[in-house]
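Examination of the molecular architecture
Chain by chain, the residues run as shown.
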Amino acid sequence: MHGFVLAGGRSSRMGRDKAFLRLAGKPLIEHAVTKLRRVCDEVSILGNDSRLEEYAPIVPDIHPGCGPMGGMEAALLHPHSWHEWNLFLPVDVPFLPTAYLLEWARYALPSAEKRGAVVWMFTVEDRPQPTVAFIHRAVGPLLTESIERGEYKLLPALELAAEELAERNGFLRGSGLWKIPYWSELKARPGTDPKESWRYTTPAQERESARWFANLNTPEEFAEAERNVEALDT
């Protein structure tokens, strides 16, 4: 897989660029890149700030100002990526365990082809989380079409693309997009290997599972995150 960090947001509610906020002594961008490097063959950052190049190669938007869809479009059409599957992770969800991403990849990707799936995402309390997703590169041109129509809402665009590709590939309606409840069998088993402790969820992580998909959008949310750094695995 190619891993992409979504780091091109405006951070308007935070008041400063979230990617460079330091949590447990490291900027959020470093936490996100570290997680993806553990799981993916290659990692890039979706954003236009040249300072991000210190952490991984950056891929700028093809169509700036389109929100996360613009970053995903650039990733899926990236000319130097040979990967069919791509894992997207927002820069502001530092508590999502790496072990969870790894177990999800092991569960989802081997069965994707036979199911006809081109998009996989989690749901939290029945709310889809489209920015934490596995997406096949075939979705890229269809995101371009949505952007050119002026339709920038990510979830509807992914649903439409998945439906069109499923039909095009001869699969049943609805098979192109799979939404997985985050409390399902993907939960990693605890372990004790100190060399690769990130492969297992810890008691601290399990206690803070409500934070796994929580975006850090405001100074208040970031201050609360600072009080729970024991639940980080980076």
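For the structure itself, look to the data block above.
Reference entry: report on the structure contained in this document. What you are looking at is a predicted structure, and each value in this text was computed from that prediction instead of being measured. (Residues numbered from 1 in each chain as written. Predicted model: local features only at pLDDT ≥ 70, side-chain atom pairs only at ≥ 80, totals over all residues. Heavy atoms only, no water.)

Things to note about the sheet that holds strand 5 (residues 58–59)
Picture the strands of a sheet paired through backbone hydrogen bonds; they go either parallel or antiparallel. Under the convention used in this document: For two strands to be treated as a pair, DSSP must find no fewer than two bridges joining them. Each helix corresponds to a stretch of at least 4 residues labelled H or I by DSSP, and each strand to a stretch of at least 2 residues labelled E; elements are numbered beginning at the N terminus. The contact definition used throughout considers only heavy atoms, calling two residues in contact when any of these lie within 4.5 Å. Axes here refer to lines fitted to C-alpha atoms; in helices the fit is confined to the stretch in contact. Angles between the N-to-C directions go from 0 to 180 degrees.
Pairing in this open sheet of seven strands is mixed, and the strands run 5-4-1-6-8-7-9 from one edge to the other. Of all the strands in the sheet, just strand 5 and strand 9 (177–181) have a single pairing partner and so form its edges. Looking at chain direction, strand 7 (residues 119–124) and strand 8 (residues 127–136) are connected through six bridges and run antiparallel. Paired with phenylalanine 122 across the bridge in strand 8 is glutamine 129. On top of the sheet, helix 1 (residues 28–39) reaches strand 1 (2–6), strand 4 (42–46) and strand 6 (85–90); it is set at about 165 degrees to strand 1, its chief contact. Where helix 5 (residues 154–168) meets the sheet, its contacts fall on strand 7, strand 8 and strand 9, and the angle it forms with strand 8 comes to roughly 45 degrees.

Focus on the pattern of salt bridges
What counts here: One speaks of a salt bridge when a side-chain nitrogen belonging to Lys or Arg is within 4 Å of a carboxyl oxygen belonging to Asp or Glu. For every residue, the accessible area (1.4 Å probe, protein chains only) is compared with the maximum for its type, and the residue is labelled buried under 20%, exposed over 50%, or partly exposed between those bounds.
Counting across every chain of the model gives twelve salt bridges. Residue glutamate 224 is joined to arginine 227 by a salt bridge in which the shortest nitrogen-to-oxygen separation is 2.6 Å. The exposure class assigned to glutamate 224 is partly exposed, which follows from its relative accessible area of 28%. Classification of arginine 227 by relative accessible area gives exposed; the value is 55%.

Some remarks on unusual backbone geometry
Positive phi values are uncommon outside glycine, yet glutamate 125 reaches one of about 50 degrees. The topology assignment puts glutamate 125 in the loop between strand 7 and strand 8. Notably, aspartate 126 is not glycine yet its phi reads approximately 70 degrees, a positive angle. Within the element layout of this structure, aspartate 126 appears in the loop between strand 7 and strand 8.

Remarks on the side chain of glutamate 208
Take glutamate 208: it is sitting in the loop between helix 6 (203–207) and helix 7 (219–226). Every residue in contact with glutamate 208, bar those within four places of it in the chain, is listed here: Asn228 and Ala231.

Thoughts on the packing of helix 4 (residues 140–148) against helix 5
Counted only if it meets this: Any angle between 65 and 115 degrees counts as roughly perpendicular, while under 35 counts as roughly parallel, over 145 as roughly antiparallel, and the rest as oblique. Crossings are sorted by hand: turned counterclockwise from the far helix by less than a right angle, the near helix makes the crossing left-handed, and turned clockwise it makes it right-handed. Throughout this entry, Asp, Glu, Lys and Arg are counted as charged residues, while Ala, Val, Leu, Ile, Met, Phe, Trp, Tyr, Cys and Pro are counted as nonpolar. The remaining residues, Gly among them, count as polar.
With their axes 9 Å apart at the nearest point, helix 4 and helix 5 run at an angle of 130 degrees to one another. The angle between the axes of helix 4 and helix 5 places the two elements in the oblique class. Two packed elements cross with a definite hand, and for helix 4 against helix 5 that hand is right-handed. In this structure, helix 4 contributes Leu142, Leu143 and Ser146 to the contact, and helix 5 contributes Ala157, Leu158, Ala161, Glu164, Leu165 and Arg168. Among the residues forming the contact of helix 4 with helix 5, the class breakdown is six nonpolar, one polar and two charged.

A few points about the nonpolar core
We apply this condition: To form a nonpolar core, buried Ala, Val, Leu, Ile, Met, Phe, Trp, Tyr and Cys residues must be joined to one another through side-chain atoms within 4.5 Å.
Grouped together as the largest cluster of nonpolar side chains are 49 residues, with contacts concentrated most on Val5, Ile29, Ile45, Leu87, Trp104, Trp120 and Phe213. Elements supplying a minimum of two residues to this core: helix 1, strand 4, strand 6, helix 3 (98–115), strand 7, strand 8 and helix 7. Ranked by size, the runner-up nonpolar core spans 27 residues in total, among them Leu46, Met69, Ala75 and Val119.

Re the pairing of strand 1
By the criterion of burial, strand 1 is predominantly enclosed, with five of the five residues buried. Burial along strand 1 is two-sided: the residues His2, Phe4 and Leu6 and Gly3 and Val5 are all buried. Where strand 1 and strand 4 come together, five bridges link them in parallel fashion. Within strand 4, the position partnered with glycine 3 by the bridge is valine 43.

Quick look at the pairing of strand 8
Burial analysis of strand 8 places seven of its ten residues in the buried class, the great majority of the element. In terms of strand pairing, strand 6 meets strand 8 through four bridges, oriented antiparallel. Directly across from asparagine 86, in strand 8, lies its bridge partner isoleucine 135.

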